[in-house]
Amino acid sequence: QEKSFIMIKPDGIHRGLIADIIKRFEAKGYKLVAIKVMVPSKDLASKHYEEHAQRPFYPGLVTFLSSGPVVAMVWEGKDVIKYGRKMIGATNPLASTPGTIRGDYGIDVGRNIIHGSDSVESAQREIALWFGAGELAEYDLAMGKWVYE
Ligand code: GTP
Ligand code: MG
């Protein structure tokens, strides 16, 4: 099954949104296979967003993420990368639809609560960056047969 790296950013934690966010992914039918709370190093935060290294907001983004804490997670399920991004909503919260995480809770693009991988390649890179191979749990969800036909 497909896996996505989903991370609640420091603003999401300080605003008390951890349970709400996990609840949405869990209720959808996705399977949580890794989770940890941490204050990422500046090096880790820089690597995570390295595709944006040339953008003007990059230094602020890295400083913000590494201020921590973050909740780093891996969620698994059919099309979780694409659909997870749909649940998260557009990058700028003012452009995202109500009902999405950013649409429901965010206002500023630099405080948009949550990250989600944007492709299979990004997901693989990000999961390997944030988690060791032994940190991903392999198991079958009992509800699986009620979620998938
Ligand atoms: P992530 O899931 O966090 O990767 O967001 P995204 O994929 O929706 O957007 P993108 O990868 O293009 O940008 C990464 C992050 O940089 C965003 O989530 C924003 O927090 C931040 N960001 C993007 N564009 C801007 C901008 O124009 N200004 C500021 N201040 N931050 C930005
Ligand atoms: Mg992105």
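Worth saying up front: this structure is predicted, and the values here are computed from it rather than measured.

Rules used in this analysis
- Residues numbered from 1 in each chain as written.
- Chains lettered and ligands numbered in written order.
- Predicted model: local features only at pLDDT ≥ 70, side-chain atom pairs only at ≥ 80, totals over all residues.
- Heavy atoms only, no water.
- Near = heavy atom within 4 Å.
- Polar contact = N/O pair within 3.5 Å; in protein donor to acceptor, adjacent residues only side chain to side chain.
- Areas by Shrake-Rupley, 256 points an atom, 1.4 Å probe, with all protein chains shown as cover.
- UniProt positions renumbered as here; feature names shortened; annotations may be inferred.
- 1 Å grid on protein atoms, 1.4 Å probe; cavity = no way out; pocket = protein on both sides within 12 Å on 5 of 7 lines; lining within 4 Å.
- Helix = DSSP H or I, 4+ residues; strand = E, 2+ residues; numbered from the N terminus.
- Buried < 20%, exposed > 50% of the residue type's maximum accessible area, 1.4 Å probe, protein only.
- Phe/Tyr/Trp six-rings, centres within 6.5 Å; stacked < 30°, edge-to-face > 60°.
- Lys NZ or Arg CZ within 6 Å of the ring centre and 35° of its normal.
- Axes fitted to C-alpha atoms, helices over the stretch in contact; angles between N-to-C directions.
- Parallel < 35°, antiparallel > 145°, perpendicular 65-115°, else oblique.
- Left-handed = near helix turned anticlockwise from the far one by under 90°.
- Contact = heavy atoms within 4.5 Å.

Draft legend 1. Quick peek at the site of ligand 1. Contacts to ligand 1 come from Lys9, Tyr49, His52, Phe57, Leu61, Arg85, Thr91, Arg102, Val109, Asn112, His115 and Gly116. In this structure, an oxygen atom belonging to ligand 1 sits 2.9 Å away from a side-chain N or O atom of Lys9. In the model, an oxygen atom of ligand 1 is placed 3.0 Å from a nitrogen or oxygen of the Val109 main chain. If ligand 1 stood free it would expose 590 Å²; the protein chains cover 76% of that surface.

Draft legend 2. Region of interest: the UniProt feature "binding site: ATP" (unreviewed entry) in the protein. Under the UniProt annotation, the feature "binding site: ATP" (unreviewed entry) is placed at Lys9, Phe57, Arg85, Thr91, Arg102 and Asn112. Of the annotated set, the members that line the largest pocket are Lys9, Phe57, Arg85, Thr91, Arg102 and Asn112. Within the secondary structure layout, Phe57 lies in the loop between helix H3 (42-48) and helix H4 (58-67). Taking the relative accessible area as the measure of exposure, Phe57 reaches 39% and is therefore partly exposed.

Draft legend 3. View of the packing of aromatic side chains. One pass over the full model with this rule turns up four aromatic pairs. Linked through ring pairs, Phe5, Trp130 and Phe131 together constitute an aromatic cluster. Over the face of the ring belonging to Tyr83 we find Lys28, whose NZ or CZ atom lies 3.9 Å from the ring centre. Sitting above the plane of the Tyr139 ring, Lys31 keeps its charged end 5.0 Å from the centroid.

Draft legend 4. Examining the UniProt feature "domain: Nucleoside diphosphate kinase-like" (unreviewed entry) in the protein more closely. With numbering aligned to this structure, UniProt lists the feature "domain: Nucleoside diphosphate kinase-like" (unreviewed entry) at residues 1-138. Secondary structure over residues 1-138 splits into 42% helix and 17% strand, and the C-alpha atoms at its two ends are 11 Å apart.

Draft legend 5. Representation of the packing of helix H2 (residues 18-28) against helix H5 (residues 80-88) within the structure. Between H2 and H5, whose axes approach to 12 Å, the crossing angle comes to 135°. With respect to H5, the element H2 is oriented oblique. In this structure, the crossing between H2 and H5 has a hand that is right-handed. Here Arg24, Phe25 and Lys28 of H2 come into contact with H5, specifically with Tyr83, Gly84, Met87 and Ile88.

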